[in-house]
Amino acid sequence: YSWLLRLDACMSAASLISIKVGGEQMNSIKSFTKEYSFLSNFYGCFINYMGLRFPSVEHAFQAAKSLDPDIRWQFQYCRSAGEAKQRGKMVKLRPDWEEVKIQVMTDLIRTKFQCPELKQKLLDTGYAHIEEGNSHGDRFWGTVKGQGRNELGEILMKVRDELRNENQNSSQ
């Protein structure tokens, strides 16, 4: 196989790298900006979770850190995803948080991409590798300078595969 890396001229250098493998084009999404902003947990879309309605995945995720219904309820009214994230840092974590946080995120991402428009956008990423590249030091959910677990990117690719399989099964 011949590997050809090129930065796509019409995208920000950090957001999309095209890789040519044996004549097939594969993309790698490296950040959730511009046309890929919809991949971000900060992207505005209503999420119904735990009997509440949140304005973004980030709001719902931060609320899920607590088992206290009153605290969860408050996250619906954070003015921004950034505010929700900051508040989430102050919440007393539920005892099982480390064991459940990946499943919580997976459930929220599945919910987000039930929206037909967002579902199509995710499917339109094809087979691209999705990486939540960031500069704020998050090596668990994303990567910093290519280093990290990229759990959010892995979840997005898993959900995309599930949606693709659903579409294929329903068209047969």
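Overview of the structure. Predicted model only: the values in this text are computed from it and were never measured. (Residues numbered from 1 in each chain as written. Predicted model: local features only at pLDDT ≥ 70, side-chain atom pairs only at ≥ 80, totals over all residues. Heavy atoms only, no water.)

1. Considering the pattern of salt bridges
Taken as a whole, this structure holds nine salt bridges when the rule is applied. Note that Arg 79 and Glu 83 form a salt bridge whose closest N and O atoms lie 3.3 Å from each other. Relative accessible area serves as the criterion here: at 76%, Arg 79 is assigned to the exposed category. Note that Glu 151 is salt-bridged to Arg 149, the shortest N-O span being 2.8 Å. Under the relative-accessibility criterion, Arg 149 is labelled partly exposed at 48%. (Salt bridge = Lys/Arg side-chain N within 4 Å of Asp/Glu carboxyl O. Buried < 20%, exposed > 50% of the residue type's maximum accessible area, 1.4 Å probe, protein only.)

2. Points about the environment of Leu 67
Looking at the element boundaries, Leu 67 is found in the loop between helix 1 (57–64) and helix 2 (69–74). The spatial distance from the C-alpha of Leu 67 to the C-alpha of Asp 96 is 10.0 Å, given a sequence separation of 29 residues. (Helix = DSSP H or I, 4+ residues; strand = E, 2+ residues; numbered from the N terminus.)

3. Quick notes on the pairing of strand 5 (residues 52–56)
Looking down a regular strand, the side chains alternate between one sheet face and the other. Here four bridges tie strand 4 (residues 44–49) to strand 5, and the two strands are oriented antiparallel to one another. When the bridges of strand 5 are listed, Gly 44 appears paired with Ser 56. Taken together, strand 4 and the strand that follows it, strand 5, pair antiparallel across an intervening segment of two residues, in which Met 50 is found at a positive phi of about 60°. (Pairing = 2+ DSSP bridges.)

4. Some thoughts on helix 5 (residues 116–123)
Here helix 5 has its buried residues at Leu 118, Lys 119, Leu 122 and Leu 123. Angular distribution of buried residues about the axis of helix 5 spans 140°; they occupy a single face of the element. Exposed and oriented more than 90 degrees from the buried face of helix 5 are Pro 116 and Glu 117. Residues of helix 5 that are buried sit in contact with strand 4, helix 4 (97–112), strand 6 (129–130) and helix 6 (151–170). (Arc of directions from axis to C-beta. Contact = heavy atoms within 4.5 Å.)

5. Description of the state of the cysteines
A complete count under the given rule lists zero disulfides for this structure. As a non-bridged cysteine, Cys 45 has Cys 115 as the owner of its nearest cysteine sulfur, 7.0 Å distant. Taking relative accessible area as the criterion, Cys 45 reaches 13% and is therefore assigned buried. (Disulfide = S-S within 2.5 Å.)

6. Focus on unusual backbone geometry
Backbone geometry places Lys 34, a non-glycine residue, at a positive phi of 50°. Inspection of the secondary structure puts Lys 34 in the loop between strand 3 (24–29) and strand 4. Given a relative accessible area of 57%, Lys 34 falls into the exposed group. If you check the backbone angles, Met 50 has positive phi at about 60° while not being a glycine. Relative to the assigned elements, Met 50 resides in the loop between strand 4 and strand 5.

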